[in-house]
There are 2 protein chains.
Amino acid sequence: MTRIVMKFGGTSMAGIERIRIVAERVKREWEMGNEVAVVVSAMAGETDRLVNFCREASSLYDPREYDVVVSSGEQITSGLLAIALQAIGVPARSWMGWQLPIRTSDGHASARIEQIDTTALGQSLANREVAVIPGFQGLAPGERVTTLGRGGSDTSAVAMAAAMKADRCDIYTDVDGVYTTDPRIVPRARKLKRVTYEEMLELASVGAKVLQTRSVGLAMKEGVRVQVLSSFVDATDDPEPGTLIVGEEEIEDMERQLITGIAHDKSEAKVTLAEVPDRPGAVAAIFGPLAQANINVDMIVQNIAHSTGSTDVTFTVPRAELTRALDVLEKARGDIGFSKAIHDTRVAKISVVGVGMRSHAGVAATMFDTLGARGINILAITTSEIKVSVLIEEDYTELAVRVLHTAYGLDSEEEAA
Amino acid sequence: MTRIVMKFGGTSMAGIERIRIVAERVKREWEMGNEVAVVVSAMAGETDRLVNFCREASSLYDPREYDVVVSSGEQITSGLLAIALQAIGVPARSWMGWQLPIRTSDGHASARIEQIDTTALGQSLANREVAVIPGFQGLAPGERVTTLGRGGSDTSAVAMAAAMKADRCDIYTDVDGVYTTDPRIVPRARKLKRVTYEEMLELASVGAKVLQTRSVGLAMKEGVRVQVLSSFVDATDDPEPGTLIVGEEEIEDMERQLITGIAHDKSEAKVTLAEVPDRPGAVAAIFGPLAQANINVDMIVQNIAHSTGSTDVTFTVPRAELTRALDVLEKARGDIGFSKAIHDTRVAKISVVGVGMRSHAGVAATMFDTLGARGINILAITTSEIKVSVLIEEDYTELAVRVLHTAYGLDSEEEAA
């Protein structure tokens, strides 16, 4: 007997017709004799509607009351899916976060799941009942409703799978899997049959938005096998219809590629502080105040010192935080001692990701050569064990992704539909 | 210190602007030093939207899941009102039905409140916190969400007031009180300052739709002083701005009227069974099957036996149940033995209500005389201790209400705004 968690996003739950399609898909798994728990999102647009109500009521809303309001979206869809399942002969019941309960931290509006009690749930599953669980919600120590922050339903699903010791966690979404790169840029992008947690984390955090990053981290920590599938493509005949996200040990050497994918990210801005005095503590004077203001600095480049004893420091911050970052720097100007701050929002980060690069040299060299041959200037570089990222001018984004996709041999034989 | 429950209906909660007005009104009571619990309905239209979702999902929906879905409407407004109260400096928190808890029977979609735990709530009120409680919902013995049936928020408010031993339960609605009759028919109708529970029950059940009947019954049983007020009229200067519903002992002899109000009701249909054999058990043969089919029979008239040994029996049933009633009677025709069933939906019931009639004869006679003088034919009569009802042709409804309102001296000096 196999135990699975199925998770459906807001687009899949948008209206009764779609909920009926979801019910049919759940029924198929249930008819195979599987124990099935389904985690659902609110109807597409509903959470925005509820969040706006809270904001209208007060710009400084109490997050505990916000949680009461916005958690209702998933409450509605879980009740409706249970009804739709019963209507096609599948015994089903909904379980609110407070009923199981799903214990979370006290961090209202962005709580962390701490422990899920599966006693009653296990009994229900053993009785061949499908469990329908609202994603995104839980119960704080004071017995008040919490939510996990936007996109939290993926995390709910993975946490349920871990607590239930499920064999698989299937995430149904509006794409049919994880691709080597954005198929809108490279029509010859290939769907990956398998990808490791680490690669998925790098791909997700740099722009391939399929799964919430936090859910991938949790899956890695708990060893949950996650499968990304399309809600809208019927692929019953395909034994591996989507992308499986698993530990590295599950990926055979033969299928292992040097590079798994190419990601791009246009959400960062570049800041250069000119003529920073080249002395110990200069860097701390810059990044200390930014960290205190909760501004995430990503790439950092420090040029060789000028003969004048000063240096230029370049780094990236989220575009959404740029104004705040410039304010913070201006206030710290006395401590830092730069002559001027130059910023540029028209930059893009291109990343090459793959666990295979651990054992292969030359990945970065290929990247620099390929971009150089097309006259694409590299503004900054960062690397991790399984990733090389470069900052380039935004206008070159698509060109860079395409030439790198070809250079690393990722192009498929035919274009995607 | 005074403890009060305030209840706001769907029209008062329809959108953030209106919720803000509600918050201001709550603040006024709170600033006087009162302990305040607020019971709220869902936004106008929201419950219908949610009920329709359930019906679309399955015509035979599971009432337990229906309750999960529809209870979310009040969950949303209670969170939003708590936010709106905090925004104007009033400490407030929401309490879901399962949090208090409000214990109900297992009758999903039409549960009965059995017991309310006010321990935590009392502590919160003592700390000068306003409690915001979603109406219409509770918790069944199996720890699943229940709802009380449509209009149940009035009942929630009265039950909360009883459990909290509140000094008053103020029901804010879209009318500013209970009138001697429908002001759309009689512009000179007067707002009643006080009315007894018994009168209110008769007025509500025969058509003056201000409060849910069940809530009035509960208020009478528990001795809760209920005040009906308008959400939309600001009447701070008026010491008795609405209508107070209280026990008979609270109404001074001086202000006691013979007749409190005139109600009309167009929801019934008349059925006549012709030539029913005049033998013992004949009446039981008619009304037994109707009762078994859960069809409520109201007025009954049995004519004097014909010389043939048969009689005509006339009675009323709800119009919505007429087809079903005729089916039931047709199936029982062999047992009853009538020659034909005649029905008429164009009838109206006019009722004269007042506790004063207990000690005064002649109320019914005045009614029959007044109607007779206008040529209005009486098709059936029922009386109770505090009510006389007659069935007339529907076309005469407004005329009958007007002439009776004048005949019993209920007309005010000036027309209502």
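What you are looking at is a predicted structure, and each value in this text was computed from that prediction instead of being measured.

Enquirer: Account for the confidence of the model for chain A, with residues named and values stated.
Expert: Counting all residues, the mean pLDDT for chain A is 92, and 96% of those residues have values of 70 or more. Here the complex is predicted with pTM 0.85, and the ipTM for its interfaces comes to 0.84.

Enquirer: Explain the interface of chain A and chain B to me, and be specific about the residues and the numbers.
Expert: Counting from both sides, the interface comprises 38 residues of chain A and, opposite them, 38 residues of chain B. In this assembly, chain A packs against chain B so that about 3100 Å² is buried in total across both faces, 63% of it on carbon and sulfur atoms. Linking chain A with chain B are two salt bridges, by the criterion used here. When the shortest N-O distance is used, the salt bridge between A:Arg49 and B:Glu46 registers 3.5 Å. Here chain A and chain B share 16 residue pairs in polar contact (both at pLDDT 80 or more) between them. Those elements that provide at least two residues to the side of chain A that touches chain B are helix H1 (16-31), helix H2 (46-57), helix H3 (63-70), helix H4 (72-87) and strand E3 (92-94) of chain A. Per-element accounting of the side of chain A that touches chain B gives the leading share, ten residues, to H4(A).

Enquirer: Provide a residue-level description of the relation of the copies chain A and chain B, including the pertinent values.
Expert: For the pair chain A and chain B, the best superposition has an RMSD of 0.2 Å and corresponds to a rotation of 180 degrees with a translation of 0.1 Å parallel to the axis. The relationship between the two copies is best expressed as a two-fold rotation axis. Taking the C-alpha atom as reference, chain A places A:Ser72 closest to the rotation axis, 2.8 Å from it. The share of interface residues of chain A whose copies in chain B are also at the interface is 100%, consistent with both copies meeting through the same surface.

Enquirer: Break down the packing of H4(A) against helix H2 (residues 46-57) of chain B for me, with residues and values.
Expert: Axis separation between H4(A) and H2(B) bottoms out at 9 Å; the angle between their running directions is 25 degrees. Classified by the angle between their axes, H4(A) and H2(B) sit roughly parallel to one another. Crossing of H4(A) against H2(B): the hand is right-handed. Mapping the contact onto sequence places A:Ile76, A:Leu80, A:Ile83, A:Ala84 and A:Ala87 in H4(A) and B:Leu50, B:Phe53, B:Cys54 and B:Ala57 in H2(B). The residue inventory of the contact of H4(A) with H2(B), partitioned by class, reads nine nonpolar, no polar and no charged.

Cut-offs applied
Residues numbered from 1 in each chain as written. Chains lettered and ligands numbered in written order. Predicted model: local features only at pLDDT ≥ 70, side-chain atom pairs only at ≥ 80, totals over all residues. Heavy atoms only, no water. pLDDT = per-residue confidence, 0-100. Contact = heavy atoms within 4.5 Å. Buried area = accessible area lost by both parts, 1.4 Å probe. Salt bridge = Lys/Arg side-chain N within 4 Å of Asp/Glu carboxyl O. Polar contact = N/O pair within 3.5 Å; in protein donor to acceptor, adjacent residues only side chain to side chain. Helix = DSSP H or I, 4+ residues; strand = E, 2+ residues; numbered from the N terminus. Least-squares fit on C-alpha atoms with pLDDT ≥ 70 in both. Axes fitted to C-alpha atoms, helices over the stretch in contact; angles between N-to-C directions. Parallel < 35°, antiparallel > 145°, perpendicular 65-115°, else oblique. Left-handed = near helix turned anticlockwise from the far one by under 90°. Nonpolar A, V, L, I, M, F, W, Y, C, P; charged D, E, K, R; others polar.

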